[in-house]
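Report on the structure
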Amino acid sequence: MSDSPSTDTDPGSRNAELTWDSDGQPHSSVFDDCYFSRANGLEETRYVFLQNNQLAERFAALPAHGEFVVAETGFGTGLNFLACWQLWQQTAPSDARLHFVTVEKYPLRREDLRRALALWPELQSLSNALLDQYPAITNPAFHRLTFDQGRITLTLIIDDACSGFEQLLESDHPAHQRPRRAVDTWFLDGFAPAKNPDMWRDELFQLIHKLSHTGTTAATFTAAGIVKRGLRDNGFLVRKTPGFGHKRDMIVAQLQQPFITPASTEFPVSHRNAPWVAPWYCGAAAPTQQQALIIGAGLAGCHTARALAERGWQVTVVERHPQPASEGSGNPQGILYAKLSHRPETLSDFNLLALQFAQRHYAPFWATGADSGAACGVLQLAHSDKSAVLQQHLQDYFGEQELFRPLTAAEASKRAGVTLDCGGLLFPDSGWLSPAAICRQLLQHDNIRCRYDTAVESLQWQADLQQWQVNTGRDPLYAANVILTTAQDSRRFAPTHGLPLKPIRGQITLLRADASTAQLQVALCGDGYIAPARDAQHCLGATYDPRDLELTVRQEDHYKNLQLLSSQVPALSGALLEENVISGRSGLRCTSPDYLPLVGPVADESLLRKEFELLAKNARASIATAGSYLPGLYINVGHGSRGLAYTPICAELLAAEMHGEPSPLPRSLRLALHPARFAIRDLIRGK
Ligand SMILES: Cc1cc2nc3c(=O)[nH]c(=O)nc-3n(C[C@H](O)[C@H](O)[C@H](O)COP(=O)(O)OP(=O)(O)OC[C@H]3O[C@@H](n4cnc5c(N)ncnc54)[C@H](O)[C@@H]3O)c2cc1C
């Protein structure tokens, strides 16, 4: 963070390459610049970013349940974030929430971060919390970390500053380039313009303009002309003020002229190719009341209820069974796993992000004891030539990282506590969970009420009341916002009848532990899975029957589960006997045609089809209007075989969207999960 002459700025490496000077201060080899002031980096942060943005006063003036958004260029060592968090703890109301969104192109490795942060003993407890949650794979993606029981969210975007911030806009269509929640304060950090000209370009200042509101402030350590001009040309009133330490000047700025988004009517409808995707995914109105009725108390419903309750919403959960987690989420043990690919594919990108978020999210549940599950590690077995090759590709593709590591057969046997004929990939921070225990704990919140034994029969929008009438066979319930977390049964409701949800039957087997299986220390996954014993029982899974909806537990399915595992872990075959089967359970997985969940607002499908009918002629046709969405109706379903990994991030996404805060996912993934994607795909395919 200093203004000195330019050098080579082509790093070509994913992680930051550091050298350490004789005072133990980190220095970027790529940018040939230091990360913070040698005089006193923490004092400089406090002066430049906190004091000059008047954050102590602004935090203290927030109302109860107030929210504040800081955005930063260049996360670096996280020093600005930690100093801001510390100030927040000292000054903001106890129920206010801070969103810190930061973009970093070259993230530090965890060990480098640890060493850099050790320079600030007074931030030690916050640094440790950050280090605990720091992403295991710092891949180019959004990483959402939460601290202080959700009071602080850190969205660490590993990307180039412009492409990272651009993903915060609702759309790339010029008529819809708005953030869901504008930034209140900018920390314009990162290496100096002379060292890092790629970042400080016009496009960055234009994005800052679009992402800000009247009164948004910005501060930066530099007084470079390019920064002054960039801010001034984009609506900010800019002034110089004395810099920190030996620096003469720095810049502070305040937005006076907000960005005016052009009206959709300025973009004539045309069958010709447009440079943008039609903004069918924009248009859902922001909720006006912080109250929601959630139908379905499985993993999706309980996570969504909790995510909203923590944001201060009043939530009612309606479930047809006498207790939560009675259907798909009712297995005694489930494995936290994900499906990764060695290619940049949407499904794999989502899985990687979901798994990392879930591992962080479940850590406190695991800490409460074995009723919730155990972070025992998950070993994905290389049980066939095909899986061994795939695992090698994954290692090559992801390179150096902490999410998984390869084990030979001998290493895997030692780690697992049982003899294994093959090695595999160990996910050390994953494990098994009891979905029912998780659901019960999630629902324990003052803002959540549950109504069990209540089956919802239909939904009707009452325009005069501006509420949904939720018919239950008894007295109807009313709510301005309704969220369907009813898995495949969502098709029973008229507004979501057309969604392509597919049920897939599966059966698990509960097996008595014996001396050999009781040694198991890790969850083993191949084509089937087995978790370490819980209450002297193992959960083995699971069959996969797409064309079968019959839920009776079958002996032949137990046999299939036992056989599958015996073939992959022969050392356990002496215990994998039908006489050791205690019982079983069958259920339905709800999947979608692209195996991604459906999360977001529910479209008014007939109107949406009319508005975007031109797409049937040309998928790139120029349409500028937003889509039509049913007021206050949302859905969160389609978690397939990976509900434990998918539901935490999907609940976070939906709650962030409904609450109007920066999204935990980039726009590209928000679109990939959008419930209206199938209606639009059908239109394009002429269906
Ligand atoms: C055999 C099997 C093994 C599995 N193993 C794993 C695993 O190891 N790891 C993993 O991550 N995932 C696993 N899964 C998948 C995981 O269980 C699901 O993805 C997850 O449970 C989906 O949660 P959900 O909340 O979307 O659905 P559900 O848990 O099915 O919840 C839907 C809820 O809605 C309620 N409901 C529906 N209609 C109405 C209505 N009209 N009125 C009121 N309430 C209603 C239902 O009663 C139900 O409680 C497995 C699934 C199966 C079947």
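Computed from a predicted model, the values in this text were never measured in an experiment.

Overview of unusual backbone geometry
- Notably, Ala325 is not glycine yet its phi reads approximately 55°, a positive angle.
- Note on placement: Ala325 falls in the loop between strand 14 (314–318) and strand 15 (334–335).
- The buried category is assigned to Ala325, whose relative accessible area is 9%.

Quick look at the pairing of strand 26 (residues 502–512)
- Counting buried residues along strand 26, nine of its eleven residues qualify, which places the element largely inside the surrounding structure.
- In terms of strand pairing, strand 26 meets strand 30 (residues 581–591) through ten bridges, oriented antiparallel. Counted as the bridge partner of Ile504 is Arg589 from strand 30.
- Across four bridges, strand 26 lies against strand 29 (residues 537–541) in antiparallel orientation. Its bridge partner lying in strand 29, Leu511 is registered against His538.

A word on the domain arrangement of the chain
- Segmenting the chain into domains produces domain 1 (18–255), domain 2 (291–326 + 437–501 + 594–604 + 629–668) and domain 3 (377–387 + 402–421 + 513–583).
- Taking only C-alpha atoms into account, the centre of domain 1 sits 46 Å from that of domain 3.

Observations regarding helix 5 (residues 124–133)
- For helix 5, the complete set of buried residues consists of Leu126, Ser127, Leu130, Leu131 and Gln133.
- Contacts made by the buried residues of helix 5 are with helix 3 (79–91), helix 4 (110–117), strand 6 (142–147), strand 7 (152–158) and helix 10 (346–367).

What about the layout of surface pockets?
- Taken as a whole, the second largest pocket holds about 1,000 Å³ of empty space.
- If you trace the second largest pocket, you find 40 residues lining it, with Gln133, Thr146, Arg360, His361 and Pro364 closest to the centre.
- Only helix 5, strand 6, helix 9 (299–309), helix 10, helix 13 (435–443) and helix 16 (643–659) provide two or more residues apiece to the lining of the second largest pocket.
- In terms of residue count, the dominant contributor to the lining of the second largest pocket is helix 10 (nine residues).
- Considered class by class, the residues forming the lining of the second largest pocket number 18 nonpolar, eleven polar and eleven charged.
- Taken together, domain 1 (18–255) and domain 2 (291–326 + 437–501 + 594–604 + 629–668) each give at least three residues to the lining of the second largest pocket, which thus spans both.

Some points on the pattern of salt bridges
- Counted according to the given criterion, the structure contains 38 salt bridges.
- The closest approach of N and O atoms between Glu170 and Arg180, which form a salt bridge, is 3.3 Å. With Glu170 in the loop between helix 6 (161–166) and strand 8 (183–188) and Arg180 in the loop between helix 6 and strand 8, the pair connects residues that are ten residues apart, well separated along the chain.
- For Arg180, a relative accessible area of 22% translates into the label partly exposed.
- Linking Asp548 and Arg554 is a salt bridge whose minimum nitrogen-to-oxygen distance equals 2.7 Å. As far as the burial class goes, Asp548 and Arg554 line up, both buried.

Reading the values: the criteria
Residues numbered from 1 in each chain as written. Predicted model: local features only at pLDDT ≥ 70, side-chain atom pairs only at ≥ 80, totals over all residues. Heavy atoms only, no water. Helix = DSSP H or I, 4+ residues; strand = E, 2+ residues; numbered from the N terminus. Buried < 20%, exposed > 50% of the residue type's maximum accessible area, 1.4 Å probe, protein only. Pairing = 2+ DSSP bridges. Domains from an automatic or database assignment. Contact = heavy atoms within 4.5 Å. 1 Å grid on protein atoms, 1.4 Å probe; cavity = no way out; pocket = protein on both sides within 12 Å on 5 of 7 lines; lining within 4 Å. Points joined across faces, edges and corners; volume = space filled by probe spheres on them. Nonpolar A, V, L, I, M, F, W, Y, C, P; charged D, E, K, R; others polar. Salt bridge = Lys/Arg side-chain N within 4 Å of Asp/Glu carboxyl O.

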